[in-house]
Amino acid sequence: MVLAIGTAAFCAVVAAGIDASRERAAAQIVPADAVIRGERFAPDTIDELGRLPGVRAVTRVLYEDDERLASDEVGTDAFIGQTDVLLVDGSGLDKVARDSQVDLSIPAALRTAAPGPGPLPAIVSPAVAADLAKAGLDDSAFISVQGQRYEFRVAGTEDSFPMLAANASRFVILPWQALPTRTTTPVPTSLLIAGDPLDAEALRVAGDQGQERYQRDGTVTGRERMIGVTVDTRADVRRDLGEGGANGVLAFGFVAGAAGGTVLGLLAIAFTVLAGARARGQVLSRLRTLGLSRRQWRGLLLVELTPLVAVSVLTGALVGAVLPLLLNPVLGLSAFTSGVPVRVAFEPSLVAAVLALGAVALGFAVAVEALNNRRLRLGEVLRLGEES
């Protein structure tokens, strides 16, 4: 019974950890209800999206990869590896995340930054922070964003950040709302939308039109027409993470493991009850002749089985809850969560499940005993006991 309950608890805890990690992965990819990704959008695209039905908030994001860090404004190479750059409007991102009910912790350096003299406060990855500190540039460094150089200082570090790949190890995040005024302003490459309900096709059309307006009003080189935008909703991303061949097999395996472990645990209780059924039946027959009622007999049976069931269920649940914590580093479960590490933790619901399982197990044991006594016929058991 300990093995069966331990298997069920192990599968339930790991499945809960994977499900929670997939929620975080979906929020990492789309930290809003929807995101429109393109090349460059006209500034008025945000206003156009805000007029669509169901849209509550829109914020801009700019992403560029493989940029070089410089030690001065003229662009002297700092001899630091190439780095991804993300421009976000801290307050806008915070509003969109809250309106989308996404649990997103935005560093105060990004959320409260305002225009002013001196370097921009930036959030960087630990690898970039270490390189800047080694080069003595943690208080002042420069990075290029769409051809403009911006001075920044390290205001904090983060291992990951929404809109970046889960395995991104080198990035610099700048607060868009605090950028100094220039003749050329950055142009968003993605737009985050909060709202319900959202029409994905209407978002796509508005995004394409925003790109077309930018192409008409600006200068686009390299091709005649920009690539069409893509629209992803967090709900669709979450569903895609849970579907597919391997993910389907994994989900089925954990459900089967939890259900099968529970059934085997109940069978173990049934075998335990049946193993001592004849001796217990003889005692019960004698006690019935002395006036023992059925309710009193069930009470005696519960007194006998409760310690056994309680110890077995609690031990199995404890083993099943601890094993995922020990084995998580070697299970490679992040392959099923888009690279987001799976955090296996004790689930409060497990306590309720254990208590419910214990109650069901005791009720099942009493039912098995009652059925067995009817089959054996207590009067015959008594006579057999007297002959022995």
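Heads up: the structure comes first, above all this text.
Residues numbered from 1 in each chain as written. Predicted model: local features only at pLDDT ≥ 70, side-chain atom pairs only at ≥ 80, totals over all residues. Heavy atoms only, no water.

A. Representation of the overall build of the chain in the model. Scanning the chain from N- to C-terminus turns up twelve helices and ten strands. Out of the 388 residues belonging to the chain, those deemed buried represent 45%. In the chain, of all internal contacts separated by at least 6 residues, the share reaching a separation of at least 24 is 80%. (Helix = DSSP H or I, 4+ residues; strand = E, 2+ residues; numbered from the N terminus. Buried < 20%, exposed > 50% of the residue type's maximum accessible area, 1.4 Å probe, protein only. Contact = heavy atoms within 4.5 Å.)

B. Molecular detail of the nonpolar core. Within the largest apolar cluster, 32 residues are counted, with the highest numbers of intra-cluster contacts made by Val-14, Ile-18, Phe-254, Ile-269, Val-273, Leu-305 and Val-309. For this core, the leading source of residues is helix H11 (residues 348-376), giving nine residues. Excluding its chain neighbours within four sequence positions, the residues that come into contact with Val-14 are Phe-254, Pro-324 and Leu-333. (Core = buried A, V, L, I, M, F, W, Y, C linked by side-chain atoms within 4.5 Å.)

C. Just a nonpolar patch on the surface, in detail. A contiguous nonpolar surface patch, about 690 Å² in accessible area, is contributed by Leu-318, Val-319, Val-322, Leu-323, Leu-326, Leu-327, Val-330 and Leu-331. Owing to a relative accessible area of 39%, Val-319 belongs among the partly exposed residues under this scheme. (Patch = residues over 30% accessible without salt bridge, like charges linked within 9 Å, V, L, I, M, F, W, Y side chains within 5 Å. Areas by Shrake-Rupley, 256 points an atom, 1.4 Å probe, with all protein chains shown as cover. Salt bridge = Lys/Arg side-chain N within 4 Å of Asp/Glu carboxyl O.)

D. Layout of the layout of surface pockets. Computed from the structure, the largest pocket encloses a volume of approximately 660 Å³. Lining of the largest pocket is provided by 20 residues; of these, Arg-24, Gln-28, Leu-104, Ser-160 and Arg-343 occupy positions nearest its centre. Considering every element that reaches the lining of the largest pocket, the biggest residue donor is helix H1 (residues 2-29), with four residues. Across the lining of the largest pocket, the residue classes tally to eight nonpolar, five polar and seven charged. (1 Å grid on protein atoms, 1.4 Å probe; cavity = no way out; pocket = protein on both sides within 12 Å on 5 of 7 lines; lining within 4 Å. Points joined across faces, edges and corners; volume = space filled by probe spheres on them. Nonpolar A, V, L, I, M, F, W, Y, C, P; charged D, E, K, R; others polar.)

E. The sheet that holds strand S2 (residues 55-67), seen in detail. With respect to topology, ten strands assemble into an open sheet ordered S3-S6-S7-S5-S8-S4-S2-S9-S1-S10, the strand pairing being mixed. Edge positions in the sheet fall to strand S3 (69-70) and strand S10 (230-233), since each has one partner strand and no second. Note: S3 against strand S6 (residues 141-145), two bridges, orientation antiparallel. Paired with Ala-70 across the two strands is Phe-142, which belongs to S6. Across the sheet, helix H3 (residues 90-99) touches S2, strand S4 (83-88) and strand S9 (190-195), and the angle it forms with S2 is around 125 degrees. (Pairing = 2+ DSSP bridges. Axes fitted to C-alpha atoms, helices over the stretch in contact; angles between N-to-C directions.)

F. Examining the side chain of Arg-22 more closely. Tracing the sequence through the fold places Arg-22 in helix H1. Beyond its immediate chain neighbours, meaning those up to four positions away, Arg-22 contacts Arg-238, Leu-241, Gly-242, Asn-247, Leu-250, Phe-336 and Thr-337.

G. How the structure looks around helix H7 (residues 234-242). Of all the residues in H7, the buried ones are Arg-234, Val-237, Arg-238 and Leu-241. Projected onto a plane normal to the axis of H7, the buried residues spread over an arc of 100 degrees and lie on a single side. Looking at H7, the residues exposed on the side facing more than 90 degrees away from the buried face are Ala-235 and Asp-240. (Arc of directions from axis to C-beta.)

H. A look at unusual backbone geometry. With an omega of -5 degrees, the peptide bond running from Asp-196 to Pro-197 counts as cis. On the secondary structure map, Pro-197 appears in the loop between S9 and helix H6 (200-217). Unlike most non-glycine residues, Gln-101 shows phi in positive territory, near 60 degrees. Relative to the assigned elements, Gln-101 resides in the loop between H3 and helix H4 (108-111).

I. Focus on H3. Of the positions making up H3, those classed as buried are Gly-90, Gly-92, Leu-93, Asp-94, Val-96 and Ala-97. On its buried face, H3 sits against S2, S4, H4 and S9. Gln-101 sits one or two positions beyond H3 and adopts a positive phi of about 60 degrees.

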